[in-house]
Every structure is written in C-alpha cells, then in structure tokens.
Amino acid sequence: MAFVRLTGVTYHDPDSAHDSYILFTGADSITRLIDTSGAVRHEWPFAGVPPRIIDPALAGGRLGEVGLRLSFSGDPRGGIYANGTVGQLNWSGERVWEWGTQAPGGAARQNHDWELLPNGNRLLLVTIPRVVPALGPHPVGDQGLYEVDPDGAIVWEWRVGDHLAELGFSESGWDTLRETVARDPDDPWGYLEINSAKTLGPNRWHRADPNSVFHPDNILISSRKANIIALIDKVTTSIVWQVGPYFDAAPGAQHQRINAHKVPRALDQISGQHNPHLIADGLPGAGNILVFDNQGGAGYPPAPLGIYAGSRVLEIDPVTEQIVWQYTAEDSGLPSWTFFSSFVGNAQRLPNGNTLITEGMQGRIFQVTPEGRVVWEYVSPYEGLGVGGEPEVGEPRVPGVDRLTSTPMVYRAQAVPFDWVPLGAPETAPVAVDLRTTAHSSA
C-alpha cells in the first residue's frame, strides 16, 4: 500500500515569513541545508543529534562549519550509547575537529545536544554508564555534561546521578523512578532522558543583577522523562533554578491545559518537553525561556494528560515563572490535536518575531507569526527505519514489543542566517506557495 503524504514546501507567504536557510537531519541520516523553496542547497552524509551550523564568530570567521555525529560506537542499544565520535566539518566536508575515541569508555556517547563555547571548548551532553547508588545496584545510562577543550581533554564534568536529591521528587516519584530503572536499566535514552543543555549566554537578568542565578555560563537542561527544566550553576554544579516536576492543578484541569490561551498566566504542567533555552539578546522576547512542551507521556509518577492531545510552544518569564506567549494549533484556527509531537520537537525565535517550530515526529517544520499564523511550512520527504519511530534506535531490543517502522522524524531544525554559509543569499526572491489543499504520494 502506498500512503499519501504531502511533502516539501506546502505553504509560503514570503511577505510575512523570515527568510533563511534551514538545517536538519532527515530520518535517512543525511543532514541537509534547504532554502525556503525546499531546494537542497548543501548536504553532508552524516546525522546530527542535533546538527548545527556554527556561528562564524565562534569559528574564527569561517563560514559553513557544521557539527555532526561522525561515527557509531557499535553499541547495539542505539540512542545515547550509539555515538562513537562527534565533530566539526568544514563546508567541503573535511574534518576540522573530532572527539570520542579519547573519551571515557572509548566513545563520545553524545546525544540530544552540544554547544561550541566562546572559549573554544565544547559542551557535550553525554551518557555515562555506571551504578547510581540512589537508584539501586543496576548499571544505568547516567547522563551528564563534559566540557572538552580543543585537544580533547575533559576540563569540566557534571553527572545528574550526583544531583538527584536536588530535583524534588516525591516519595512516590522516587518509587516510580527506581521501579522504572529496574525494569529497563539499558533504556537507550537514559532514565531521565536529558534532551538539551545550553548555556544562558549574555542576558538582561544578569546585567540587571550580576549576583542572580542567571550568569551567562550557567547551563539550562531539560529532563524529558521527569518533566523538569533546571539551571546548573557552572561554578558550584548545584541546581539553582528549576520548574517541575510537579505543578498544582485541580482534578480534571489537564483536559483544558492544551486549550488554555490567556497570557500571561502561571506556568502549568509541562510534560516531555524539549530544548528550553534563553532567547538570545537582540531577538524579540530576549531573556525569556522558549520551550517545546510536547505534552507527551512523562513523569515520575506520570503526569496526567488531557483528552485533547496536542503540543504547545511556551515562552516563559524565568523570574515570574509565567507563560507570556504560547503557540498551539488553535492559534492557527485548527483543533489542538493537529499540532502534536509527543517525543521530539523544537522552537527557535527568529529576528522578525516569528518562531520556527519543528513538529518532530511528523517531520514537519513550520514558521508562525506572534499571532500564530502559519507563514511557511515544510514536511520532510526523507524517511528511514527506526524502533518506535526513532531512527537513532536501529535494532529491536525487547522481544514482542520493539519492531522497525518507517518514520519521517526530524529531531531539531535550525534557521541559518544567509551570511553564516558560503552560499550567501539565494539569487531569486522567494515566491508564494500554497499546496495544502493538494495531496500527492511521497513514494
């Protein structure tokens, strides 16, 4: 059977959309740079989790350098165990930097996030197989952060297993966490599934109060499985700011959560969220936290989810902990369930105030105005095989449960300024497109 799926650029309003290149890895494990017409302008035969074109200001002025996974570790569990080496390629595909063989255990085991720092070091989110005493005698995929210098030496390290007591789990939460770990200690995504780590960078909160917790070097992380967004103090390594895992709510309130639209309002239950980061200086909303709140199953114990499945993008004031802007499908005049990615996704604020959103499990990348109007939409035509729709897990692990299926998943997309790559701006002006009422086979 051939399933019908509209792919490529399905809608484009060039008068309202921010124009840039867009970088993403398809489910076929190839990383591509496209323009807003959907044309592939450059590609690399490697996956990235996530791929990222590097700001030339951090790359010695060189254009088009990209961070990617460069080899597999050979670990059949996949996921956070699979990355052998990660590194940086130039525009021609030559390896500028590679790291992993000198890592503990002989593999980078990087996944979910990484960052090139202003000092030339790299911050890598990694898995660290070890026994975490608070979770029992089983070796588990503990997750942590390495700061690695250009020569490959680890100069700073943080391990979440050393900080579990700071995360605010209830007694029932501890019980659920331990039972979950005992059931599947080899979970390829880790028991907390930390899916992002990003330094805050220069920000208005620190300028207003240099003694605040918002020091530019502090690191914002997200635990997808525990419904926690937390800020690590780079000097003390302690958690100094946090939202989640639990929020006060009246019984039944979860059924209205995805439809609530009044802002500002207090932050309510996040669930399975991805990539919280501080909106950078110079962008609309600078200093607020932007996060893709999947509203997918997560939590210790599991957070209640509503009848109306749907994801949302939230902009949060980190001082008041209020939602000051949001996007759900209802902001585009559609039912909430028409925008939903339960386990992957991303959002990026653009210079004109629009937001680029990656509805990851659908392979959909789109751009919305502050009012929620969709002004550009692209659906990835690149599919691959994965367990549970995850191309990072290529082999079934649990008999009778896991099996390979075809997926269009995109983990995270990046809007790339024209002057960050050797191509420069496209020579032809973008044109209006509207194919959303037409269907064709992606076969």
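Residues numbered from 1 in each chain as written. Predicted model: local features only at pLDDT ≥ 70, side-chain atom pairs only at ≥ 80, totals over all residues. Heavy atoms only, no water.

Peer 1: Let's hear about the pairing of strand 20 (residues 312–317): which residues, and what values?
Peer 2: The buried count for strand 20 comes to six of six residues, which makes it a mostly enclosed element. What you see with strand 20 is no split at all: Arg312, Leu314 and Ile316 on one side and Val313, Glu315 and Asp317 on the other are buried throughout. The pairing of strand 20 with strand 21 (residues 322–327) spans five bridges and is classified as antiparallel. Within strand 21, the position partnered with Val313 by the bridge is Tyr327. In sequence, strand 20 turns back onto strand 21 through a hairpin of four residues, with Glu321 there showing a positive phi of about 55°. (Buried < 20%, exposed > 50% of the residue type's maximum accessible area, 1.4 Å probe, protein only. Helix = DSSP H or I, 4+ residues; strand = E, 2+ residues; numbered from the N terminus. Pairing = 2+ DSSP bridges.)

Peer 1: Go over the pattern of salt bridges with me, naming the residues and quoting the values.
Peer 2: With the rule as written, the count across this model stands at 27 salt bridges. For Arg32, the salt bridge is made with Asp28, and the minimal N-O distance between the two is 2.8 Å. By relative accessible area, which is 6% here, Arg32 ends up buried. Relative accessible area serves as the criterion here: at 27%, Asp28 is assigned to the partly exposed category. Here Glu359 ties to Arg364 by a salt bridge, and the two come within 2.7 Å at their closest N and O atoms. The two residues Glu359 and Arg364 agree in class, both being buried. (Salt bridge = Lys/Arg side-chain N within 4 Å of Asp/Glu carboxyl O.)

Peer 1: For unusual backbone geometry, give the residues involved together with the corresponding values.
Peer 2: Cis geometry is found at the peptide bond from Gly244 to Pro245, where omega equals 5°. Examined against the element boundaries, Pro245 turns out to sit in the loop between strand 16 (239–243) and helix 3 (254–257). With an omega of -10°, the peptide bond between Tyr300 and Pro301 qualifies as cis. Here Pro301 lies in the loop between strand 19 (289–293) and strand 20. Phi is positive for His112, which is not a glycine, with a value near 80°. Within the secondary structure layout, His112 lies in strand 9 (residues 110–116). Classification of His112 as buried rests on a relative accessible area of 3%. Unusually for a residue other than glycine, Glu321 sits at a positive phi of about 55°. Tracing the chain through its elements places Glu321 in the loop between strand 20 and strand 21. Exposure remark for Glu321: the relative accessible area of 32% places this residue in the partly exposed category.

Geometric values such as these leave the question of function open.
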